[in-house]
2 protein chains.
Amino acid sequence: MSFFPAALDNLIDKFASLPGIGRKSAQRLAFHVLSLPEEEVRAFAEALTAAKANVRRCRICQNLTEGEVCAICASDRRDKGTICVVSEPRDVLSIERGREYNGTYHVLHGVLSPMRLVGPDDICVKELLARIAQDEVKEVIMATNPDTEGEATAMYIARLLKPFDVRVTRLAYGIPVGSNLEFADDATLSRAIEGRTEMA
Amino acid sequence: MSFFPAALDNLIDKFASLPGIGRKSAQRLAFHVLSLPEEEVRAFAEALTAAKANVRRCRICQNLTEGEVCAICASDRRDKGTICVVSEPRDVLSIERGREYNGTYHVLHGVLSPMRLVGPDDICVKELLARIAQDEVKEVIMATNPDTEGEATAMYIARLLKPFDVRVTRLAYGIPVGSNLEFADDATLSRAIEGRTEMA
């Protein structure tokens, strides 16, 4: 039994249904909402429905956008011959932060995971194949996470791309810039040695 | 510069403005919202505005309620002669969980804090005094948190209640039931010895 008013209980339930938010945090968030001015609460509610209503997937690369085509796919300055394949929209953000990459993206919205019953039809693989069949793509860079599922997804897609006349590459493994050899794990270190490059 | 659509950025901002939620968590929550069915997002938005619109303070005890008077103040079975003073609505929940207390409550909605510029007029002290002046109150139990600000608030209110013919008590300090003496701090242990009781 709860001693909170029903409307407050309901709001606590909603917050508690979000990932990573427990019952106690949900209570704290709900009390915080009650302490906000009414306009701010309304703005929050509108932000929720507006994001859900207006954000959709880019027709070309499946990244999140408010238009039909995202800003990167629409740009003349980006090299349409290179596609960087990532698993989530936030990965696009990470790579863009580097200011190095000038091609386009393809967002899979997931990785293959037999454990969680995610197969090739559950992620945006066929949209990628359609792009490669149509456009003049010269290189596909696999940039899924370097974990088991990310690796397996990259390998699966690389195999699918074999019949096409396209170069398929993978992000380099190695020690992070600015880090310390002492803290690098064995797998990373052996990959870094394997992938060593000539010094200029 | 952000590479997310504006509506998504706006939702991330809203989540990040909540207490204890950083930028990364806010992103994760916003992405989760996008993955929900539209009805659920609308229900969340409505829960926000409904909680803010419908939840107000009980006319008598200042606890949160949807009616004019809360369920505890409205009940015939509760002893109106005893008032338990707590700082926050969630403290009512904690004490009710014990199923021991049968009186009413008074929620201060804060504690005195010179550091954060919270004075007696910023918390519901005068509402408490009005109740004691009007009703037949026999006992006021101070149940603010056993920290510096909670203690100071309890002492301040106890002094204000001196002129009234009312017994003012404080929750007992001591070792928590089921805990281990080894882990009890010195202050708690000395309070537990000070407040020792006769064994039956």
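Everything numeric here is computed off the predicted structure, so don't read it as measured data.

**Description of the packing of aromatic side chains**
All names here are of chain A. In this structure the tally under the stated criterion is six aromatic pairs over all chains. Where Y101 meets Y105, the ring centres are 5.2 Å apart and the plane angle is 65°; that geometry is what we call edge-to-face. Of the residues examined, Y101 reaches a relative accessible area of 18% and is grouped as buried. A cation sits over an aromatic face here: R191 above Y173, 4.2 Å from the ring centre.

**Let's talk about the sheet that holds strand 4 (residues 103-107) of chain B**
Strand pairing in a sheet is mediated by backbone hydrogen bonds. Such pairs are either parallel or antiparallel. Residues and elements named next belong to chain B. Strand order in this open sheet of four strands is 4-3-5-6, and the pairing throughout is parallel. In this open sheet, the two edge strands, each paired with only one partner strand, are strand 4 and strand 6 (167-170). Strand-to-strand, the axes of this sheet are offset by a mean angle of 25°, without reference to chain direction. Pairing geometry for strand 5 (residues 139-142) and strand 6, over four bridges, is parallel. Paired with I141 across the bridge in strand 6 is T169. Packed on one face of the sheet, helix 5 (residues 89-97) meets strand 3 (79-86) and strand 4 and runs near 155° to strand 4. Across the sheet, helix 6 (residues 125-134) lies against strand 3, strand 4 and strand 5, angled at about 150° from strand 4, the strand it touches most.

**Points about the interface of chain A and chain B**
With 46 residues of chain A at the contact, the number on the chain B side is 46 residues. Buried surface at the junction of chain A and chain B, both sides included, amounts to about 4400 Å², of which 79% is carbon and sulfur. The tally of links between chain A and chain B comes to zero salt bridges. Scanning the region where chain A abuts chain B turns up ten residue pairs in polar contact (both at pLDDT 80 or more).

**Notes on the pairing of strand 4 of chain B**
Residues and elements named next belong to chain B. Counting buried residues in strand 4 gives five out of five residues, a clear majority hidden from the surface. Direction of pairing for strand 3 relative to strand 4: parallel, over a ladder of five bridges. Looking across to strand 4, one finds that D79 is bridged to G103. Traced from strand 3 through helix 5 to strand 4, the parallel crossover comes out right-handed.

**Remarks on the domain arrangement of chain A**
How big an interface is tends to be expressed through the accessible area that disappears when the partners come together. Split into domains, chain A comes out as domain 1 (6-54) and domain 2 (77-194). Domain 1 of chain A and domain 2 of chain A are separated by 35 Å when their C-alpha centres are compared.

**Things to note about the relation of the copies chain A and chain B**
Between the two chain copies there is a screw-like relation: a rotation about an axis and a shift along it. Here chain A sits on chain B after a turn of 180° about the axis and a move of 0.0 Å along it, with an RMSD of 0.0 Å. Taken together, the rotation and translation describe the operation of a two-fold axis. Across chain A, the smallest distance between a C-alpha and the rotation axis is recorded for A45(A), namely 2.1 Å. Counting the interface residues of chain A, we find that 100% of their copies in chain B are interface residues as well, pointing to one common contact surface.

**Thoughts on helix 5 (residues 89-97) of chain A**
Among all positions in helix 5 of chain A, only P89(A), D91(A), V92(A), L93(A) and E96(A) are buried. Tucked into the core, helix 5 of chain A has its buried residues touching strand 2 (64-65), helix 4 (71-74), strand 3 (79-86) and strand 4 (103-107) of chain A together with helix 2 (23-35) of chain B. Looking one or two residues beyond helix 5 of chain A, the residue adopting positive phi is R99(A), at roughly 55°.

The rules we used
Residues numbered from 1 in each chain as written. Chains lettered and ligands numbered in written order. Predicted model: local features only at pLDDT ≥ 70, side-chain atom pairs only at ≥ 80, totals over all residues. Heavy atoms only, no water. Phe/Tyr/Trp six-rings, centres within 6.5 Å; stacked < 30°, edge-to-face > 60°. Buried < 20%, exposed > 50% of the residue type's maximum accessible area, 1.4 Å probe, protein only. Lys NZ or Arg CZ within 6 Å of the ring centre and 35° of its normal. Pairing = 2+ DSSP bridges. Helix = DSSP H or I, 4+ residues; strand = E, 2+ residues; numbered from the N terminus. Axes fitted to C-alpha atoms, helices over the stretch in contact; angles between N-to-C directions. Contact = heavy atoms within 4.5 Å. Buried area = accessible area lost by both parts, 1.4 Å probe. Salt bridge = Lys/Arg side-chain N within 4 Å of Asp/Glu carboxyl O. Polar contact = N/O pair within 3.5 Å; in protein donor to acceptor, adjacent residues only side chain to side chain. Right-handed = clockwise from strand over helix to strand, strands pointing away. Domains from an automatic or database assignment. Least-squares fit on C-alpha atoms with pLDDT ≥ 70 in both.

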